[in-house]
Amino acid sequence: MTDHPSFSPAEVRHRLVETPGGRIHVAEQGAGPLVLLVHGFPESWYSWRHQLPALAAAGFRAAAIDVRGYGRSSKPAQTHAYRMLDHVADNVAVVRALGERSAVVAGHDWGSPIAANSALLRPDVFTAVALLSVPYSPRGPVRPTDAFARLGGEEEFYVSYFQRPGRAEAEIEPDVRGWLAGIYAALSAGTMPATGASSVPEGGRLSDRFPRGGLPSWLTEADLDVYAGEFERTGLTGALNRYRNVDRDWEDLAAWDGAAITQPALFAGGEFDPTTTWMAGAIKALPETMPGLTASHILDGCGHWLQQERPGEVNRLLIGWLQGLPTR
């Protein structure tokens, strides 16, 4: 077994499973204990293409979903249909539809909070949790939109920019492929701009700070075609609606204010990922907020897209951690 088996589309099984909110597309490979993989923005199940064969070769059943609003999964029309509780319900329904009672859940970017909250709210289903890029941050006293407004300083933080329906769509959808290439490069080691790209100048667009030029080394033209093809077909509203529910989540999760996640946990972030900087306090607090944390890693010289920028390293960390978990 190698830590980075090559991705073979023909070996991936695809299915649509029913959930309370519609259908979720699942791409899976391998047999064994179930590992549910949850992607972030703006991606799809395909962002786990390097992990599917590696986990399968290590004796796990890897299942990467298209989060609701993305790819082949259902895209409810209502903005409020993308609240965290709905994503947790989707994850539980996927585990059940795959014939399992429990699973390990792993997430990257927005998939990380979805994975974390799945573990927090349904410890009976999710026995361990791995978080990439975004550390767990328990619900606190400040309304999220107020906190994000402060993060932007004199400019507008990207989460605030995404709040108004239609605004970011108007920027992205005229050139989906070009915008995706820009945001992937803007958050990749080796191509990210020195000024950063997480805030919007007054009267500007998020893409004003994107680098111009070639793709980051981890992304081929064919990979970009896959991502762009999905978003050209679905649009961006479903994906962006996740950001538009942060205050609803804060209200929904009031009963879990300050709650710790107690299951075995793994965290990995990138040295140059902006999230590692603005959530440094949450990373430092992980031993308290996730007392089951068994490993925390910052990947030297890595940007935001960990499992694609450093697939071999992430596979080694993830598989080593999974193999050390208590047997279920």
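Every chain is numbered independently, its residues counted from 1 as its sequence is written. Predicted model: local features are reported for residues with pLDDT of at least 70 only, side-chain atom pairs are reported and counted for 80 or more only, and whole-chain, interface and lining totals are derived from all residues. Hydrogens are left out, water is left out, and the side-chain values use all remaining heavy atoms of the structure.

*Asks:* Could you give an account of the overall build of the protein, naming the residues involved and the relevant values?
*Replies:* Runs of E in the DSSP output that reach at least two residues are strands. Runs of H or I that reach at least four are helices, and both are numbered from the N terminus. From N to C terminus, the protein includes 15 helices and ten strands. For this measure, only C-alpha atoms enter the radius of gyration; the expected value for a globule follows 2.2 Å times N^0.38, where N is the number of residues. For 328 residues, the compact-globule estimate of 2.2 N^0.38 gives 20 Å, and the protein sits close to it at 18 Å. Along the first, second and third principal axes, the C-alpha set of the protein runs to 55 × 45 × 40 Å. Three exposure classes are used, based on accessible area relative to the maximum for each residue type with a 1.4 Å probe and protein chains only: buried under 20%, partly exposed in between, and exposed over 50%. Across the 328 residues in the protein, those meeting the buried criterion constitute 58%. Pairs at least 24 residues apart make up 77% of the contacts formed inside the protein by residues separated by at least 6 positions. Working definition of accessibility: Shrake-Rupley area with a 1.4 Å probe, residue cover restricted to the visible protein chains. Accessible area for the protein stands at about 12800 Å²; split by element, carbon and sulfur atoms hold 52% of it. Across the protein, the 29 positively charged side chains and the 37 negatively charged ones have centroids separated by 5 Å. Any two residues having at least one pair of non-hydrogen atoms within 4.5 Å are treated as being in contact. When charges are counted, Lys and Arg contribute as positive and Asp and Glu as negative, whereas His and the chain ends are disregarded. Just so you know, the charge point we use is NZ for Lys, CZ for Arg, CG for Asp and CD for Glu.

*Asks:* Lay out unusual backbone geometry in plain terms, naming residues and giving numbers.
*Replies:* The omega torsion of the bond from Phe-41 to Pro-42 falls at -10°, within 30 degrees of zero and hence cis. As for its position among the elements, Pro-42 is in the loop between strand S3 (34-38) and helix H1 (51-57). The backbone of Asp-109 sits at a positive phi, close to 55°, despite the residue not being glycine. Relative to the helices and strands, Asp-109 resides in the loop between strand S5 (103-108) and helix H3 (111-121). Notably, Ser-133 is not glycine yet its phi reads approximately 80°, a positive angle. Tracing the backbone through its elements, the reader meets Ser-133 in the loop between strand S6 (126-132) and helix H4 (144-151). With a relative accessible area of 0%, Ser-133 lands in the buried category.

*Asks:* Could you give me a rundown of the packing of aromatic side chains, with the residues and numbers involved?
*Replies:* Centres within 6.5 Å are what make two rings of Phe, Tyr or Trp a pair, Trp counting through its six-membered ring; a difference in plane orientation under 30 degrees is then read as stacked, over 60 as edge-to-face, and the rest as tilted. Scanning the model with the defined rule gives 20 aromatic pairs in all. Pairing Trp-110 with Tyr-243 gives two aromatic rings, centres 5.6 Å apart and planes at 75°, and the pair type is edge-to-face. Placement of the pair is Trp-110 in the loop between S5 and H3 and Tyr-243 in the loop between helix H9 (237-240) and helix H10 (246-252), with a sequence separation of 133 residues. On the basis of relative accessible area, Trp-110 is assigned to the buried category, the value being 16%. Exposure remark for Tyr-243: the relative accessible area of 3% places this residue in the buried category.

*Asks:* Quick one: what's the story with the sheet that holds strand S4 (residues 61-65), residue by residue and with numbers?
*Replies:* If you walk across this open sheet you meet the eight strands as S1-S2-S4-S3-S5-S6-S9-S10, and the pairing is mixed. Taken across any chain shown, the strands that pair with only one partner, and hence form the sheet edges, are strand S1 (13-19) and strand S10 (293-299). Shown here is a sheet whose adjacent strand axes are inclined to one another by a mean of 20°, direction ignored. Here, strands pair whenever DSSP counts at least two bridges between them. Two strands pair when backbone bridges link them, and S3 and S5 are joined in this way by four bridges, in the parallel orientation. Following the sheet pairing, Val-38 is matched in S5 by Gly-107. Axis lines are fitted to C-alpha atoms, over the contacting stretch for helices. Their N-to-C directions set the angle, which ranges from 0 to 180 degrees.

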